[in-house]
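Here is what each chain is made of, one letter per residue.
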Amino acid sequence: MTDSPPNWARDLLSGFFDTFQDTVQASFVNMPREYQRLKEIDAAMNDALDCLQHLPDEKASAPAMLLQCRSSYRVAAQLALAGQLRECYAVLRICLESALYGFHFDNDVERFKHWLSRQDSEKNRGQVKREFSGARMIDELIAVDPINGQAAKTFYERTIDLGAHPNVYGMYTSITVNSASSKDKIVHSVFQVGKDNIYFRLALKTSAQVGVCCLKIYERIFRERFRIVGLDERIEKLSADL
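Residues numbered from 1 in each chain as written. Predicted model: local features only at pLDDT ≥ 70, side-chain atom pairs only at ≥ 80, totals over all residues. Heavy atoms only, no water.

J.: How should helix α3 (residues 61-81) be read in this particular structure?
T.: For α3, built from 21 residues, the straight-helix expectation of 30 Å at 1.5 Å per residue is met to within 8% by its first-to-last C-alpha distance of 31 Å. Immediately downstream of α3, the backbone of G83 shows phi near 80 degrees, a positive value. (Helix = DSSP H or I, 4+ residues; strand = E, 2+ residues; numbered from the N terminus. Expected span 1.5 Å × (residues − 1).)

Listed below in structure tokens is the structure:
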């Protein structure tokens, strides 16, 4: 690792960045099993992108969304390892939605063209918002894949409850309350980490669950390609105990 630049971690913001990175590294050491699974899911996403090269134009929109899905997954995993749990769930929602968009595009190539026209007018904007609602895309997935579709619905609602919207449960994952006296309570934002922290462990597990759910969505779209390169078997193994 390189030395820190002058004045690094001497102000509140860069000090937070410094603690953030230290916390990620501590979780890397202290949660090896959880990190290993996150790493293997990331590798599977990368290999999925590799095997989806050189597709015809009408199939190119779904892999483009997988690229966005993988990017969001990496950020969410880092946030989880850093104990930034509410923020992790917000990004996991983006990760899952990216996969759902890819699935929705693949079912009808005209949907991608419609999506591209979103900013052309207020009418188009409203139509695309309705067409690409999370609930609608999840229902479409459930119709063809009830097991993974129901899993996607569960994880989608969990991300909203715990961070993607400013809900009560999400607030509780990112604060602690210290009672200075029976009348005086001080609320602090914290890095929620530790083997015994159930919120931390849930965020790590949910990150893995969402990652595998997204891989299964793409396996349904590109089943033959995934089978040829052995991704189907890897995804099945990654699903164990989730």
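More follows now that the structure is in view.
J.: I keep staring at a nonpolar patch on the surface and nothing clicks. Help me out?
T.: A cluster of nonpolar side chains, namely W8, L13, F16 and F17, defines an oily patch on the protein surface of about 370 Å² accessible area. Take W8: it is sitting in the segment before α1 (12-30). When its relative accessible area of 32% is taken as the criterion, W8 is described as partly exposed. (Patch = residues over 30% accessible without salt bridge, like charges linked within 9 Å, V, L, I, M, F, W, Y side chains within 5 Å. Areas by Shrake-Rupley, 256 points an atom, 1.4 Å probe, with all protein chains shown as cover. Salt bridge = Lys/Arg side-chain N within 4 Å of Asp/Glu carboxyl O. Buried < 20%, exposed > 50% of the residue type's maximum accessible area, 1.4 Å probe, protein only.)

J.: Which parts of the structure should I look at to understand the nonpolar core?
T.: When a protein is soluble and globular, its nonpolar side chains tend to lie buried together. Core analysis: the biggest nonpolar cluster contains 63 residues, and I41, L96, C214, I217, Y218, F222 and F226 have the highest contact counts within it. Mapped by element, the contributors of at least two residues to this core are α1, α2 (32-51), α3, α4 (85-107), α7 (134-144), α8 (146-164), α10 (198-221) and α12 (231-238). Not counting the four nearest positions on each side in its chain, C214 is found in contact with M45, C69, C95, L96 and A99. (Core = buried A, V, L, I, M, F, W, Y, C linked by side-chain atoms within 4.5 Å. Contact = heavy atoms within 4.5 Å.)

J.: Quick question: what am I supposed to make of the packing of aromatic side chains here?
T.: Two measures describe an aromatic ring pair: the distance that separates the ring centres and the angle between the ring planes. Summed over all chains, the structure comprises nine aromatic pairs. Ring geometry for F16 and F20: centres 6.2 Å apart, planes at 50 degrees, overall tilted. Of this pair, F16 and F20 both sit in helix α1, separated by four residues, roughly a single helical turn. One aromatic cluster is present, formed by W8, F16, F17, F20 and F191 through successive ring pairs. (Phe/Tyr/Trp six-rings, centres within 6.5 Å; stacked < 30°, edge-to-face > 60°.)

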